[in-house]
Amino acid sequence: MLFTSYEFIGFIFALAILYYVFPKKLQWMLLLLFSYLFYWIANPIYLIYIAVTTVTIWGCGRMIERNFATQSEYLKANKESLTKEEKKAYKNRKKSARGRWLLLGVLVNLGILAVVKYTDFIVGIFTGKGLGFMDLAVPMGISFYTFQAIGYLIDVKRGTVKAEKNLFKLALFVSFFPQLVQGPISRFGDLSQTLYAEHRFDWTNVSYGIERIMWGFFKKLIIADRVAPAVNVLISDVSVYHGAYAFVGMVLYTLELYADFTGGIDVTIGVAQMLGIRVTENFNRPYFSTSLKEYWRRWHITMCQWFREFVFYPVSTSKAIQGLAKFSRKHFGDNIGKKLPVYVSTFVVWFATGIWHGASWNFIVWGLLNWLILMVSEELEPLYDRFHSKFRFSNTIGYRIFMGLRTLLLICVLNMFDCYVSVSETFHAFLTMFTSANYSIFTTGELLNLGVSALDYIILLCGVLVMLIVSMVQVKGSVRDQIAAKPYPVRFVIWFALFLVILLVGAYGIGYDSSQFIYNRF
């Protein structure tokens, strides 16, 4: 069920009506029912996967919680009789047991993810040919809900949150349908505060939610889906669409990706807000970044936090990495001994990030290139600091705009790995930008032969300008709050105009097949 379909609109409004007339104590149950119904509509088989994840994570979480309780009771009952060494030994045994339950939950669920998502890729590495049928088994949003469930279990093991006793409440946390398609990856301690709470009808929440949904539809239907036909043509055959075409393709795809992904998150947050539920923001104007490091603090925020919290920190503090640090200091000096473990841990993070995005060499290389650029930038940081202190122009608005455009261009290049079918084709398409003398296409009208008309380009340009203006206004705070402070006639004109634009010039109509959100495939 597409977020931009009439069926989805009917689905969420039917839910909203029932939600606020339902007994308040049963609202979370209704959400669970609709979440599983949403998943069932996508494919009934998918319910098996998400049910297995829910049950295993719930069971392991409960066993870890029971372990904590048993430890506390035992130490309290034997406080006077146990020596310090005996207490320490007992705590270590219980900690090891909790670690085994955590390992079981992680292995089961990462195992499911690996089998359905990566078997075809792994078999292809050794045989040269994959098992095509495996692609059909990949459940919608499995990467998102698996990571969310594992994050919950790790938090329970760390004692950050209490294990949820009610299996069905945990099932709602794992399957909450607005964020099932493309995130964000929520933490239990954050989402549970409003997910299970009783909510009375609040017009501010409902109206703000509808406004956020419309803004998401604007990005998706006015920009992302309008430019998608041109992108599909431009990346279809690099032997035909090379040089200037490849440049246009990478720029348009970067635009499509932003409008598509952030538009989907807007819909997710809007639907949740209609129901009084707070979902974590996942973007903070990422294309305004002046470095790749800053970009990854602003883009897909919850995913980056997940990898930092549950991969980087555990790896960097592991015995193996600590041993590497000790060895490096002894043989190569303190400087390398300090940096090498960080770089190795970061390498693991970016390799895992690439694999998470997709089972292909393209995503692995994409992840490792991000790692390489970030590490080189880190090494050159002292040089950058000296440059900025010596040359005053580096602190001007003009230079900051230059750094932003430079970073955006770098992001465009990295995004090419998401477009082409292989690593070699990606590099080939990139190199043709410098070897093919076909930049005359910008003046000959050939860009009008890509399935996008001149009118489409005009609408697209206007949509991008609106999106840019909104992003600039966001610097001062919530755009919806700023609009809400205006007189009613102004508010009405703004939101009614947005509704009309979506209705009249959105990329849909007779014979049109609205595309699925890009991150749905992850």
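Going by the structure above, here's the rest.
So, here's what we can say about the structure.

### Some remarks on empty space enclosed by the protein
Then, number 1: For the structure shown, the criterion picks out two cavities of 30 Å³ or more.
Then, number 2: Its boundaries defined by the atoms lining it, the second largest cavity holds a volume of some 50 Å³.
Then, number 3: Contributions of two or more residues to the lining of the second largest cavity are made by helix 5 (142-158) and helix 6 (167-175).
Then, number 4: In terms of residue class, the lining of the second largest cavity is made up of eight nonpolar, three polar and no charged.

### Some remarks on the packing of aromatic side chains
Then, number 1: Counted under the stated rule, the structure contains 50 aromatic pairs.
Then, number 2: An angle of 70° between the planes, with centres 5.3 Å apart, marks the rings of Trp-306 and Phe-310 as edge-to-face. Residue Trp-306 and its partner Phe-310 are both found in helix 11 (residues 301-316); the two are separated by four residues, about one turn of the helix.
Then, number 3: Aromatic side chains Phe-327 and Phe-332 sit 6.2 Å apart centroid to centroid with 70° between the ring planes, which places their arrangement in the edge-to-face category.
Then, number 4: In textbook terms, an aromatic cluster arises when at least three aromatic residues are bridged by ring pairs, as seen for Tyr-258, Phe-261, Phe-283, Tyr-287, Tyr-295, Trp-296, Trp-299, Trp-350 and Trp-366.
Then, number 5: The ring centre of Phe-68 lies 4.1 Å from the NZ or CZ of Arg-98, which sits over that ring.
Then, number 6: Above the ring of Tyr-196, the side-chain terminus of Lys-169 is found at 5.5 Å from the ring centroid.

### Section: the side chain of Lys-94
Then, number 1: Its place among the elements puts Lys-94 in helix 4 (residues 84-127).
Then, number 2: Among buried charged residues, Lys-94 stands out as having no salt bridge; its nearest opposite-charge side chain is Glu-73, 9.3 Å away.
Then, number 3: Excluding anything up to four places from it in sequence, Lys-94 contacts Asn-67, Thr-70 and Gln-71.

Cut-offs used in this document
- In this convention, every chain numbers its residues from 1, walking through the sequence in written order.
- Confidence filtering applies because this is a predicted model: local features only for residues at pLDDT of at least 70, side-chain atom pairs given and counted only at 80 or more, and all residues used for totals across whole chains, interfaces and linings.
- Excluded from the side-chain calculation are hydrogens and water; included are all heavy atoms of the structure.
- Think of a 1 Å grid over just the protein atoms. A cavity is a set of points where a 1.4 Å probe fits yet cannot get out, a pocket is an open set with protein on both sides within 12 Å along at least five of seven lines, and lining residues have an atom within 4 Å of a point.
- Grid points are joined across faces, edges and corners, and a volume is the space filled by probe spheres set on the points.
- Note on conventions: DSSP H or I runs of at least 4 residues are helices, E runs of at least 2 residues are strands, and numbering of each starts at the N terminus.
- Under the scheme applied here, ten amino acids are nonpolar (Ala, Val, Leu, Ile, Met, Phe, Trp, Tyr, Cys and Pro), four are charged (Asp, Glu, Lys and Arg), and all others, including Gly, are polar.
- Only Phe, Tyr and Trp rings take part, Trp by its six-membered ring, and two of them pair if their centres are within 6.5 Å. Stacked means planes under 30 degrees apart, edge-to-face means over 60, and tilted covers everything else.
- Any Lys NZ or Arg CZ found within 6 Å of a ring centre and within 35 degrees of that ring's normal is scored as a charge over the ring.
- For each residue, the accessible area found with a 1.4 Å probe, counting protein chains only, is set against the maximum for its type, and the residue is called buried under 20%, exposed over 50%, and partly exposed in between.
- Counting rule applied: Lys, Arg positive; Asp, Glu negative; His and chain ends not counted.
- Salt bridges are counted wherever a side-chain nitrogen of Lys or Arg sits within 4 Å of a carboxyl oxygen of Asp or Glu.
- The contact criterion used throughout is that any non-hydrogen atoms of two residues lie within 4.5 Å.

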